[in-house]
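Each chain, written out:
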Amino acid sequence: MRQAGVYSGMVSGGRTGPHLLPLARIKKIMKKSGDNVKMISGEAPIVFSKACELFIEELTRRSWMVAMQGKRRTLHKDDVATAIVATDIFDFLVDLVSSGNSINPLDFSPVEMETVLES
Amino acid sequence: MTVEKNMDDNVIGRAASSINDENFIKEQERLLPIANVGRIMKGILPSNAKISKDSKETMQECVSEFISFVTSEASDKCRKERRKTVNGDDVCWALETLGFDDFAGPIRRYLHRYREIEVDRANQDRVRNIVDDDQREA
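(A) Representation of the packing of aromatic side chains within the structure. What the rule picks out here adds up to 9 aromatic pairs over all chains. With a centroid separation of 5.4 Å and an interplanar angle of 80°, the aromatic rings of A:Phe55 and A:Phe90 are classed as edge-to-face. Taken together, the residues A:Phe55 in helix H3 (residues 43–69) and A:Phe90 in the loop between helix H4 (77–86) and helix H5 (94–98) connect sequence positions 35 residues apart. Neither A:Phe55 nor A:Phe90 differs from the other in exposure class; each is buried. Ring centres 4.4 Å apart and planes at 15° place the aromatic pair A:Phe55 and B:Phe66 in the stacked group.

Right, dumping it as C-alpha cells:
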C-alpha cells in the first residue's frame, strides 16, 4: 500500500491528515484474526487506523484517571488493567491483562470502579 | 530450518540466534509499532504525565486484540451474508455492534477527508498528464 509523499506531509500537519498507524501492519493483524478472514478491502485498514487511534485515546484517558486517583503522574500497566476491568466495552481485554498480574478484579466492586473513574 | 548434527557450537549458536531474530520479527509483526502507540497516548495526556514502557507494551497488545476482536465480528457477518471481502462498512458495523458506537462519527469524518485527499491527488495526476501532453504537442 502506498504511503509516502502526500501523506507524510499531512501526518506532520496534525490530526486532519490520515494514518498515524501503518496500514500494512493493520492489515497483517486483521488477517491473523481468523481463518475466515480472506479478503480485505482497501478502506478497512483505514477505518481501523482511526478506530485504533480512538481506542488508544479512550483507554489511555481512563487509565490516567486511575493513576491520578492513586496520586501518581506515571501511567503504569496496572492502571491500564484497572481501567479495562472497570469498562464494559473493554471486557474482551480482561483475560489479556489478568494473566499472572497483581490486579485482582474481585478487589474492586463496580461501585468503587465508577468512583475511581468519575473523580 | 535444519541444523546438522556434526556442526560446531559456533554455527549452532548462530542458527539459534537467527531463529530468535525470526521469532522476534514475527512477534513485532502482530503488534503496532510502540513509537506510534506511544505518540497517540502522549497526545491525549497532560504535558506533565509520564508513560511507563510496560503500559505502552500493554497498550500495543490491547490494540492488536481490539483489531482481532472487531475483525472477527466483521468477518462473521460477511460469511453469513456469503461475501468474501471485509470492507470498511463491515468494520463500522462491527464497531457499533460491539459497543464502540461513539467512534462512528469521527470515523465517518476521517473516511470522508481521506476520500477527498484521494480525489485531489487523482486530479493532480490528471492535470500533470494533460500539461505533459500539451508540452509534447507544442
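(B) Structural view of the pattern of salt bridges. Residue and element names in this part refer to chain B. As enumerated under the stated definition, the model contains 15 salt bridges over all chains in all. Linking Arg-83 and Glu-81 is a salt bridge whose minimum nitrogen-to-oxygen distance equals 2.7 Å. Note on Glu-81: relative accessible area 44%, which makes it partly exposed. Via salt bridges that share partners, Lys-77, Glu-81, Arg-83 and Asp-90 belong to a single interconnected network.

(C) Inspection of the interface of chain A and chain B at higher detail. Residue-level contacts link 54 residues of chain A with 59 residues of chain B. Carbon and sulfur atoms make up 73% of the surface buried where chain A meets chain B, a total of about 5400 Å² over both sides. Area buried by chain A at its contact with chain B is led by A:Ile29, A:Val47 and A:Phe92, which between them contribute 11% of it. Our count for the contact surface shared by chain A and chain B stands at 2 salt bridges.

(D) Here's a closer look at the confidence of the model for chain B. Residue and element names in this part refer to chain B. Mean pLDDT over chain B: 89, with 93% of residues reaching 70 or higher. In the model of chain B, helix H1 (residues 9–29) stands out as the element of lowest mean pLDDT, 80, in contrast to strand E1 (residues 50–51), which has the highest, 98. For this predicted complex, the interface confidence comes out at an ipTM of 0.80, alongside a pTM of 0.77.

(E) The arrangement of the packing of helix H2 (residues 23–31) of chain A against helix H3 (residues 53–80) of chain B in detail. Relative orientation of the contacting elements H2(A) and H3(B) amounts to 60°, with a least axis distance of 8 Å. By the angle class used here, H2(A) and H3(B) are oblique. Crossing angle aside, the handedness with which H2(A) passes H3(B) is right-handed. The residues of H3(B) that touch H2(A), namely those facing A:Ile26, A:Ile29 and A:Met30, are B:Ser64, B:Ile67, B:Ser68 and B:Thr71. Among the residues making up the contact of H2(A) with H3(B), the classes are represented as 4 nonpolar, 3 polar and no charged.

Parameters at a glance
Each chain has its residues counted from 1, following the order in which its sequence is written. For this description, chains carry letters from A and ligands carry numbers from 1, given in the order in which they are written. Totals for whole chains, interfaces and linings use every residue, but because this is a predicted model, local features are given only for residues with pLDDT of at least 70 and side-chain atom pairs only at 80 or more, for both listing and counting. Excluded from the side-chain calculation are hydrogens and water; included are all heavy atoms of the structure. Here is the rule: rings of Phe, Tyr and Trp (six-membered ring for Trp) pair when centre to centre is within 6.5 Å. Planes less than 30 degrees apart are stacked, more than 60 are edge-to-face, and the remainder are tilted. Helix numbering and strand numbering both begin at the N terminus, where a helix is a DSSP run of H or I of at least 4 residues and a strand a DSSP run of E of at least 2. Partly exposed residues are those whose accessible area sits between 20% and 50% of the maximum for their type, while under 20% is buried and over 50% is exposed, using a 1.4 Å probe and protein chains only. Every case where a carboxyl oxygen of Asp or Glu lies within 4 Å of a side-chain nitrogen of Lys or Arg is listed as a salt bridge. Note on contacts: a residue pair qualifies if any of its non-hydrogen atoms lie within 4.5 Å across the two residues. Simply put, the buried area is the total loss of 1.4 Å probe accessible area from both parts when two parts are fitted together. The quantity called pLDDT is the predictor's confidence in a given residue, expressed from 0 to 100. Axes, fitted as lines to C-alpha atoms, cover a helix only where it is in contact. Angles between the N-to-C directions of the axes lie from 0 to 180 degrees. Comment on the angle field: the value is read as roughly parallel under 35 degrees, roughly antiparallel over 145, roughly perpendicular from 65 to 115, and oblique elsewhere. Rotating anticlockwise by less than a right angle from the far helix to the near helix defines a left-handed crossing, while the corresponding clockwise rotation defines a right-handed one. By the convention adopted, Pro, Cys, Tyr, Trp, Phe, Met, Ile, Leu, Val and Ala count as nonpolar, Lys, Arg, Asp and Glu as charged, and the other residues, Gly among them, as polar.

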